Amino acid sequence: MIEVKKSICPYDCPSSCGLLLELEDGKIIRVKRDPDHPVSRNGICRKMQDYQKSIYSDKRILTPLKRNGKKGSGDYLPISWEEAVACISDRWKSIIKETGPEAILPFSYSGVMSDIQCDCGDAFFNRMGAAILVKALCCPAKEAAYQSVAGNTGCLDPRELNDSDFYIIWGSNMAATRIQALADLNKPSNRRKRKVLINTYADPSSKHFDETLCIKAGTDGALALAMMHVLEREGLIDEDFINNYTEGFDIFRKTLFSYTPEWAQDKTGLDAGIIRRLAREYAAAKAPAIILGSGNSRYGNGGMTVRLIVILSLLTGAWKQAGGGLCGCTPIDTSYVNMNLIRRPDFRQPEAKVSSFNINQTAHALAAEADERVRSLYVYGANPANTVSCQDEVIKGLKREDLFTVVHDRFMTETAMYADIILPATFSVEQHDIYRCYGYCTLGTALPIVKAPGECKSNWDTFCLLARAMGYEEDYFKRTEKEMLDWVLNHPTEAVSKLPEDKQQILKKGGSVSMPFSDHLKIGTASGRFRIVNDELKEAVPRYLPSYGEQEELSDKTKTTRTLHLVASPGLYSLNSEFRDREDLIKKRGPQILIIHSIDARERGIEDGQLVEAFNQQSRILIKARLTERIARGTVVCEGIYRRDECPGGKAMNALTSWRLSDMGEGTTLNDNLVEIRAFRE
Ligand SMILES: Nc1nc2c(c(=O)[nH]1)N[C@H]1C(S)=C(S)[C@@H](COP(=O)(O)OP(=O)(O)OC[C@H]3O[C@@H](n4cnc5c(=O)[nH]c(N)nc54)[C@H](O)[C@@H]3O)O[C@H]1N2
Ligand SMILES: Nc1nc2c(c(=O)[nH]1)N[C@H]1C(S)=C(S)[C@@H](COP(=O)(O)OP(=O)(O)OC[C@H]3O[C@@H](n4cnc5c(=O)[nH]c(N)nc54)[C@H](O)[C@@H]3O)O[C@H]1N2
Ligand code: SF4
Ligand SMILES: [Mo]
């Protein structure tokens, strides 16, 4: 007999799709979209259609493991949980005694996005007084920039895009990362509305849009400024909206005269005529929507770029109209879950010393010579050996014999290969949790559907075990996972407590509900106005800032060929470093590729499909070139994250990305690195 159960996709993806799992004899045999789910009307992605292949993969780690060879050798012996927990807690107790708890660095990121499993480790490490990881790998510059203009104002839920009449898709590879919204844009009722993609290359979603503008990496701020110049020059600004809803425009307006389309053409590589036309089209639309991804925020000037785009979205008064404004920042003005119930900042001793390390500077944190030396690393829900910048240095740190590393994961990741102890983790279908979606206004809960195989344990259960071994007596650590979910549900936020009874029941039983959309003109800043000029910032009045890459390029006058700017784009058949357990997806994805403009390639004597060396002051990788005309000159793109052992030469893209931070939010500058390329000769 086939049984059908509901669940939710746990991955770091803005849709948090609802899943229907079909079980036969207690085993999941099929995974489909949940038709009751408020968002996943358009099916689920290829990766999750065969989720059961990952859940039942023979590559899963099923018992705790202890290192039996050199770090990186992958030689491990199975041990019991008792032995593993005793080994970890004994080591931590002695480190705490000798150097204090701040020598222990917890490292988690976005492996599992459901709230309890993602963040319960914070409570444990707050209780310990451990070092703090500043989790700024994804889009903190974008968040900080949006906030600096709009505060807590909710932006558009993608479902509201049905009311828009013109779309600019700006720095988002929607075919990979927003499949629900992309399918909505292609619905018959939206098909005739104009859609313009602004990306550094014609990404896989470009075939769905009317026009693709390939912009030079890191120069979107110049485009936004030139568009605003045109709006100002041609009297296309909604003065009423500006007067009633914004502050500081008068000062900013005076700066716009110099940002002509011709000036921007020089920066962006886009034709001045096209820039002018885009500005006019944007102004002519009643309810234009800018769908903003994170790509252009991962730069030294990323905060400023996003700030300028948010300001552009205000000038024609689009926000007043249904479907007009900005989509892709934060669609909610309230948080649906009180995260302090899970993270427990109150467990940290108020007067205790706190060391913190920015995730983008993991290489520095792990450096043997670092002053504030990290002596133990506990990794869960993250894979820093593959996902953070300065990969060579990160691996060097992970190899340190005196670094006691514990990795809690479902698979033998490249990070796990350097662990002293590996703990086996569960999948979402083996866990209880609550899921706040970050792309849409939805909230859901999911209960375990199958029993965890072998000795796999969830993050929650693992932290409770570790807490017991460390002697932490708080009731928090004595709850079962189900009791913890009930606790969170029994302490609802205002938004949840206002839900009608039937929705509350769905959350109790497991399922997803739609939450009300924001009132976009309920402006969540102290003054109740959008801040075009913000005196709290170093750059109070927005202006054009060059990226790190542009600065370096301008300072090196000796070059004869155009400098190349290396940019990352998400892969269709992977999610960050996940799904590497799946042969079907690995095959579809193919090897790591560098997409390069044919002219840039030919200037270097490089042909399509040729193996090339991409190098900069940090490292050198070997990668196959793919030539195209549909990329900005001077920009090269690498899609997806690869394991080093999948790459010729044993190095992947993040060997070339640096630790430098963005101008706002201390975020990653993943896309802001220069490289040079030459044909590889053995
Ligand atoms: N299939 C799949 N889905 C995913 C992920 C994945 O790896 N695979 N990752 C998940 C995660 S962690 C996140 S954060 C979200 C991200 O989702 P979004 O925030 O929507 O951003 P991305 O789709 O990553 O798009 C980044 C795009 O920006 C482009 N870009 C880079 N620099 C510039 C620039 O200077 N200007 C412009 N205009 N464009 C630029 C890149 O080429 C890339 O295509 O997606 C999530 N969903
Ligand atoms: N070159 C390049 N680098 C990038 C990006 C890029 O596009 N290109 N994208 C960047 C972005 S946007 C992000 S968000 C980061 C992501 O960086 P990470 O969060 O480090 O990346 P993931 O690959 O998602 O690694 C998550 C790990 O968590 C494990 N995991 C999943 N569920 C659980 C669980 O319930 N418990 C435990 N203990 N483990 C679990 C998975 O098996 C996986 O190994 O990478 C960034 N780095
Ligand atoms: S599209 Fe994103 S949220 Fe939906 S099933 Fe795929 S990975 Fe999960
Ligand atoms: Mo991300």
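Residues numbered from 1 in each chain as written. Chains lettered and ligands numbered in written order. Predicted model: local features only at pLDDT ≥ 70, side-chain atom pairs only at ≥ 80, totals over all residues. Heavy atoms only, no water.

## Regarding unusual backbone geometry
Part 1: Of note in this structure, Asp25 is not a glycine but carries a positive phi near 50°.
Part 2: Secondary-structure assignment places Asp25 in the loop between strand S2 (18-24) and strand S3 (27-33).
Part 3: Accessibility expressed as a relative area gives 76% for Asp25, which makes it exposed.
Part 4: Of note, the phi angle at Glu666 is positive, near 50°, even though the residue is not glycine.
Part 5: Owing to a relative accessible area of 43%, Glu666 belongs among the partly exposed residues under this scheme. (Helix = DSSP H or I, 4+ residues; strand = E, 2+ residues; numbered from the N terminus. Buried < 20%, exposed > 50% of the residue type's maximum accessible area, 1.4 Å probe, protein only.)

## Some details on the site of ligand 2
Part 1: Looking at ligand 2, there are 29 residues lining it, with Asn383, Thr387, His408, Asp409 and Ser577 nearest.
Part 2: In this structure, Asp409 approaches ligand 2 through a side-chain N or O atom, which is 2.6 Å from an oxygen atom.
Part 3: Within the complex, the protein chains bury 96% of what would otherwise be the 930 Å² of accessible surface of ligand 2.
Part 4: Among the residues forming the shell around ligand 2, the class breakdown is 11 nonpolar, 13 polar and five charged. (Near = heavy atom within 4 Å. Polar contact = N/O pair within 3.5 Å; in protein donor to acceptor, adjacent residues only side chain to side chain. Areas by Shrake-Rupley, 256 points an atom, 1.4 Å probe, with all protein chains shown as cover. Nonpolar A, V, L, I, M, F, W, Y, C, P; charged D, E, K, R; others polar.)

## Regarding the sheet that holds strand S16 (residues 404-409)
Part 1: In spatial order, the strands read S5-S4-S17-S16-S15-S6; together these six strands make up an open sheet with mixed pairing. Two strands in the sheet have a free side with no partner beyond their single neighbour: strand S5 (76-78) and strand S6 (104-108). The sheet shows a mean angle of 20° between the axes of neighbouring strands, direction not considered.
Part 2: Pairing geometry for S16 and strand S17 (residues 421-424), over four bridges, is parallel. Within S17, the position partnered with His408 by the bridge is Leu423.
Part 3: On the sheet, helix H4 (residues 115-128) packs against S6 and strand S15 (376-380) and is oriented at approximately 160° with respect to S15.
Part 4: Each of S15, S16 and S17 is contacted by helix H19 (residues 459-470), which is oriented at about 150° to S15, the strand it contacts most. (Pairing = 2+ DSSP bridges. Axes fitted to C-alpha atoms, helices over the stretch in contact; angles between N-to-C directions. Contact = heavy atoms within 4.5 Å.)

## Digging into the pairing of strand S12 (residues 288-292)
Part 1: Among the five residues in S12, five count as buried, and that is most of the element.
Part 2: Here S12 shows two buried faces, one formed by Pro288, Ile290 and Leu292 and the other by Ala289 and Ile291.
Part 3: Bridge analysis of strand S8 (residues 166-170) against S12 gives five bridges, and the strand direction is parallel. Paired with Tyr167 across the strands is Ala289, a residue of S12.
Part 4: Looking at chain direction, S12 and strand S13 (residues 325-327) are connected through three bridges and run parallel. Looking at S13, one finds that Ile291 is bridged to Cys327.
Part 5: For the segment spanning S12, helix H14 (residues 302-315) and S13, crossover handedness is right-handed. (Right-handed = clockwise from strand over helix to strand, strands pointing away.)

## Quick notes on the sheet that holds S12
Part 1: Overall, parallel pairing links the five strands, which are arranged S10-S9-S8-S12-S13 in an open sheet. The sheet is open, and its two borders are formed by strand S10 (211-214) and S13, each paired with just one other strand. When the angles between neighbouring strand axes are averaged without regard to direction, this sheet yields 20°.
Part 2: Contacting S8 and strand S9 (194-199), helix H9 (residues 220-233) runs over the sheet at an angle of about 155° to S8.
Part 3: Contacting S8, S9, S10 and S12, helix H13 (residues 272-284) crosses the sheet at an angle of about 130° to S8.

## Quick look at helix H3 (residues 81-99)
Part 1: With 19 residues, H3 should cover 27 Å at 1.5 Å per step; its first-to-last C-alpha distance of 26 Å lies within 8% of that length.
Part 2: Every buried residue of H3 is accounted for by Trp81, Ala84, Val85, Ile88, Ser89, Trp92 and Ile95. Buried residues of H3, viewed axially, fall in a sector of 125°; they line one side. Of the residues in H3, the exposed ones pointing more than 90 degrees away from the buried face are Glu82, Lys97 and Glu98.
Part 3: Looking at the packing, one finds that the buried side of H3 touches S6, H4, S15, S16, S17 and H19. (Expected span 1.5 Å × (residues − 1). Arc of directions from axis to C-beta.)

## A closer look at the packing of H4 against H19
What describes two packed helices is the angle between their axes and the distance between those same axes.
Part 1: With their axes 8 Å apart at the nearest point, H4 and H19 run at an angle of 15° to one another. Our classification of the angle between H4 and H19 gives roughly parallel. Here H4 and H19 pass one another in a crossing that is left-handed. Contact residues: Ile116, Gln117, Cys120, Gly121, Phe124, Phe125 and Met128 in H4; Asn459, Trp460, Phe463, Leu466, Ala467 and Met470 in H19.
Part 2: Taken together, the residues of the contact of H4 with H19 break down into 10 nonpolar, three polar and no charged. (Parallel < 35°, antiparallel > 145°, perpendicular 65-115°, else oblique. Left-handed = near helix turned anticlockwise from the far one by under 90°.)

## Digging into the pattern of salt bridges
Close approach of charged atoms lets side chains of opposite charge pair.
Part 1: In total, this model carries 55 salt bridges according to the counting rule given.
Part 2: Put simply, Asp402 and Arg400 hold a salt bridge, and the shortest N to O gap is 2.8 Å.
Part 3: Residue Asp402 is classed as partly exposed on the basis of its relative accessible area, which comes to 35%.
Part 4: Salt bridges sharing common partners tie together Asp600, Glu603, Arg604, Arg633 and Glu676. (Salt bridge = Lys/Arg side-chain N within 4 Å of Asp/Glu carboxyl O.)

Purely geometric stuff here, so don't read any function into it on its own.
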